[in-house]
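Per-entry structural report
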Amino acid sequence: MAPTDTQLTPVPMLDVLGVPMLDVNRQNGPLQEELSAALAAVCASGAFVNGPAVKQFEEEMARYCGTRHAIGCASGSDALLLALMALGIGPGDEVIVPSFTFFATASSVTRLGATPVFTDIVPETFNVDPGDIARKITPRTKAIMPVHLFGQCANMGAINTLAREAGRIPVIEDAAQAIGAEFEHRRAGSLGRMGCFSFYPTKNLGGLGDGGLITTDNTELADKLRILRDHGQHPRYYHHEVGINSRLDALQAAALSVKLPRLDSYAAGRQKNAQAYAREFARTGLDSRIAIPTVKPGCASVWNQFTVRVRDGERDNLQKHLAERKIGAAVYYPVPLHLQKCFAFLGHHEGSLPVTELACREVLSLPIYECLTTDEQTQVIGAIAEYFGFAANRQAA
Ligand SMILES: *Cc1c(COP(=O)(O)O)cnc(C)c1O
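Since we're looking at a predicted model, the values are computed, not measured. (Residues numbered from 1 in each chain as written. Predicted model: local features only at pLDDT ≥ 70, side-chain atom pairs only at ≥ 80, totals over all residues. Heavy atoms only, no water.)

**A word on the overall build of the chain**
Stated formally: Think of it this way: any DSSP run of H or I at least four residues long counts as a helix, any run of E at least two long counts as a strand, and we number them from the N terminus. Whether a residue is buried, partly exposed or exposed follows from its accessible area with a 1.4 Å probe, protein chains only, as a fraction of its type maximum: under 20%, in between, or over 50%, in that order. Two residues qualify as a contact provided that any one of their heavy atoms is within 4.5 Å of a heavy atom in the partner residue. Using the Shrake-Rupley algorithm and a 1.4 Å probe, accessible areas are obtained, with residue cover drawn only from the displayed protein chains. Counting rule for charge: Lys and Arg are taken as positive, Asp and Glu as negative, and neither His nor the chain ends is counted. Throughout, a charge is located at the NZ atom of Lys, the CZ atom of Arg, the CG atom of Asp or the CD atom of Glu.
Per the secondary structure count, the chain includes 13 helices and 13 strands. Its C-alpha atoms give the chain principal-axis dimensions of about 65 × 65 × 40 Å. Here the chain holds 397 residues, and the buried ones make up 53% of them. For the chain, the share of sequence-separated contacts (at least 6 apart) that also reach a separation of at least 24 residues comes to 70%. By element, 55% of the accessible surface of the chain is carried by carbon and sulfur atoms, the whole surface being about 17900 Å². Across the chain, the mean location of the 37 positive side-chain charges is 2 Å away from that of the 41 negative side-chain charges.

So this is what it looks like as structure tokens:
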């Protein structure tokens, strides 16, 4: 029997009674034709590794970030690893990193046999505390790796000053969550010696799989990074040092080139949603129970996450309440890196980074992506207000 329309599995409707934490299909859906054409062109070219699509995307990224060079690689984690490798970092060396970040920030250091030296954060932005960095610089410090967490740049002015005064210690930006973010009118990736990006699908510029990239103004480092990502060979089969296999696929580069011109409008959508949260939290009085994120003067956040602080030990119960209403909310990050089992050999103990540890108990990230509808955002705020027993009392504007 020939299939009829009624026998086809219906496309699931958007669940109107819930709000997903993130829905990549909403962003990619309208680009389907363009993405398919770009991928088909790469397939037809047969150039799957490096080649023109990668070169083009690297040039676009260098222009976007305001740097002389951009070097694609396989992931954000590899971007960090390659940046450290390019500086020759290894056993006996120390790299200063925050503990309140994604795992790869520190694992890139330990994978090279070097030691991550964890610093605390400032409570308002969740970004590294330059004062704590200053206390932790030693003669063995070979790099400082601030993270632009949740889409806002770390205090790069203070960090660069510290690094310069301590003997020009290289600063590597972990900009995986902050593509397009600005610090004093300069973009993430152009603020240190090297900037590391991720195109993991949940990042602001999300690919169709894994991808990463390193930006730098330094031509010598750029050349070195290109060799290191390709087994350390230059020319082919002549290895000067041991590199890794970490290249950006041409298919990813082509897809990312389709999305990059839209990135600023995506960020604007996230900024609009962040403002709406701030306005509604103030209007409903919820801001007495929940601290909303602060953006420092001179900074433009691209809001990879909208991460609030839930006071008085209510975080886990609030998250449960939201989950019951099918509202996505996530904890980034529940366990600080200095207390992870795999880093126990470093000898840290609870209480050594108090601001970080408190953040791990209080943070909750709410849906912020640009495709979030007003109705959905109202549901999120209403459910939070319901939890705290406030009347949402939202009036038509
Ligand atoms: C995502 C992320 C990374 C790693 O990027 P991948 O592409 O997933 O390897 C590194 N650092 C931070 C802060 C991240 O958010």
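**Overview of the nonpolar core**
The following threshold applies: What is meant by a nonpolar core is a set of buried Ala, Val, Leu, Ile, Met, Phe, Trp, Tyr and Cys residues, joined one to another through side-chain atoms within 4.5 Å.
Ranked by internal contacts, the top residues of the largest apolar core, which has 49 residues, are Phe57, Met61, Phe199 and Leu205. Where this core is concerned, the elements lending two or more residues are α2 (32-45), α3 (51-65), α7 (156-165), α9 (250-259) and α10 (263-284). Not counting residues up to four positions away in its chain, the partners in contact with phenylalanine 57 are Phe199, Leu205, Leu213, Leu248, Ala253, Leu256, Ser257 and Leu260. Formed by 36 residues, the second largest nonpolar core is a distinct cluster that contains Phe281, Val308, Ile381 and Ala383.

**Thoughts on the sheet that holds strand β6 (residues 182-183)**
The condition that has to hold: One requirement defines pairing of two strands: DSSP has to find at least two bridges between them.
Overall, antiparallel pairing links the 3 strands, which are arranged β7-β6-β11 in an open sheet. Because the sheet does not close on itself, it has two edges, and the strands there are β7 (186-187) and β11 (299-300).

**Considering the site of the ligand**
Worth spelling out the cut-off: Residues are labelled near a given molecule or strand when at least one of their non-hydrogen atoms is within 4 Å of it. Nitrogen and oxygen atoms within 3.5 Å of one another constitute a polar contact, given that in protein one can donate a hydrogen and the other can accept it, and given that sequence-neighbouring residues count only through two side-chain atoms. Under the scheme applied here, ten amino acids are nonpolar (Ala, Val, Leu, Ile, Met, Phe, Trp, Tyr, Cys and Pro), four are charged (Asp, Glu, Lys and Arg), and all others, including Gly, are polar.
The local shell around the ligand holds 15 residues, among which Gly76, Ser77, Asp174, Ser198 and Lys203 are the closest. Contact distances for the ligand include 2.8 Å between an oxygen atom and a side-chain N or O atom of glutamine 177. In isolation the ligand exposes 380 Å². Once the protein is present, 93% of that is buried. Counting only elements with at least two residues in the shell around the ligand, the list comes to α4 (76-86) and α5 (104-110). Per element, the largest residue contribution to the shell around the ligand is 3 residues, and it comes from α4. A class-by-class count of the residues in the shell around the ligand yields 5 nonpolar, 8 polar and 2 charged.

**What to know about the confidence of the model for the chain**
To keep it simple, the criterion reads: Each residue carries a pLDDT value, the predictor's own confidence for that position, ranging from 0 to 100.
With 94% of its residues at a pLDDT of 70 or more, the chain has an overall mean of 94. Taken together, the stretch residues 392-397 has pLDDT below 50 and engages in 10 contacts with residues farther than four places along the chain or on a different chain.

**Regarding the sheet that holds strand β13 (residues 363-366)**
The criterion, for reference: Note on method: axes are straight lines fitted to C-alpha atoms, helices fitted across the in-contact stretch only, with angles between N-to-C directions ranging 0 to 180 degrees.
Here 3 strands make up an open sheet; going across it, the order is β10-β12-β13 and the pairing antiparallel. On the outer flanks of this sheet lie β10 (290-291) and β13, each paired with one strand and no other. When strand β12 (residues 306-310) meets β13, the two strands line up antiparallel, connected through 4 bridges. Each bridged residue has a counterpart across the sheet, and for threonine 307 the counterpart in β13 is serine 365. The strands that α10 touches are β10, β12 and β13; relative to β12, the one it contacts most, it runs at about 25 degrees.

**So, the side chain of glutamine 305**
You can see glutamine 305 is positioned in the loop between β11 and β12. Setting aside residues no more than four positions away along its own chain, glutamine 305 makes contact with Met21, Phe150, Tyr332, Ser365 and Ile368.

**Regarding the packing of helix α11 (residues 315-324) against helix α13 (residues 374-388)**
Here is the rule: Roughly parallel here means an angle under 35 degrees, roughly antiparallel means over 145, roughly perpendicular means 65 to 115, and every remaining angle is called oblique. The sense of a crossing depends on the near helix, which, turned anticlockwise from the far helix by less than a right angle, makes the crossing left-handed and, turned clockwise, makes it right-handed.
One way to put it is that α11 packs onto α13 with a least axis distance of 10 Å and a crossing angle of 130 degrees. As summarised for this structure, α11 and α13 are arranged oblique, according to the angle between their axes. Considering only the axes of α11 and α13, their crossing is right-handed. Contact residues: α11 offers Asn317, Leu318, His321 and Leu322, while α13 offers Val380, Ala383, Ile384, Glu386, Tyr387 and Phe388. Considered class by class, the residues forming the contact of α11 with α13 number 7 nonpolar, 2 polar and 1 charged.

**Quick notes on α9**
Most of α9 is tucked away: 9 of the 10 residues are buried. Taken residue by residue, α9 has Ala250, Gln252, Ala253, Ala254, Ala255, Leu256, Ser257, Val258 and Lys259 as its buried positions. Against the buried residues of α9 lie α1 (24-28), α2, α3 and α10.

**A few points about the environment of leucine 225**
You can see leucine 225 is positioned in helix α8 (residues 219-228). Sequence separation of leucine 225 and leucine 263 is 38 residues, and the distance between their C-alpha atoms is 26 Å. Apart from residues no more than four positions distant in its own chain, leucine 225 is found in contact with Ile71, Leu82, Ala83, Ala86, Met194 and Ile214.

**Brief notes about the pairing of strand β1 (residues 69-73)**
By the criterion of burial, β1 is predominantly enclosed, with 5 of the 5 residues buried. As paired strands, β1 and strand β9 (residues 212-216) are joined by 5 bridges and run antiparallel to one another. Along β9, the bridge assignment pairs glycine 72 with leucine 213.

**Here's the deal with the pairing of strand β8 (residues 194-198)**
Most of β8 is tucked away, with 5 of its 5 residues classed as buried. The alternating pattern of β8 places Met194, Cys196 and Ser198 and Gly195 and Phe197 on opposite faces, both of which are buried. Here strand β5 (residues 172-174) pairs with β8 via 3 bridges, running parallel. Each bridged residue has a counterpart across the sheet, and for glutamate 173 the counterpart in β8 is glycine 195. Sheet topology note: the β8/β9 ladder contains 5 bridges and is antiparallel. Pairing of phenylalanine 197 across the sheet is with leucine 213, part of β9.

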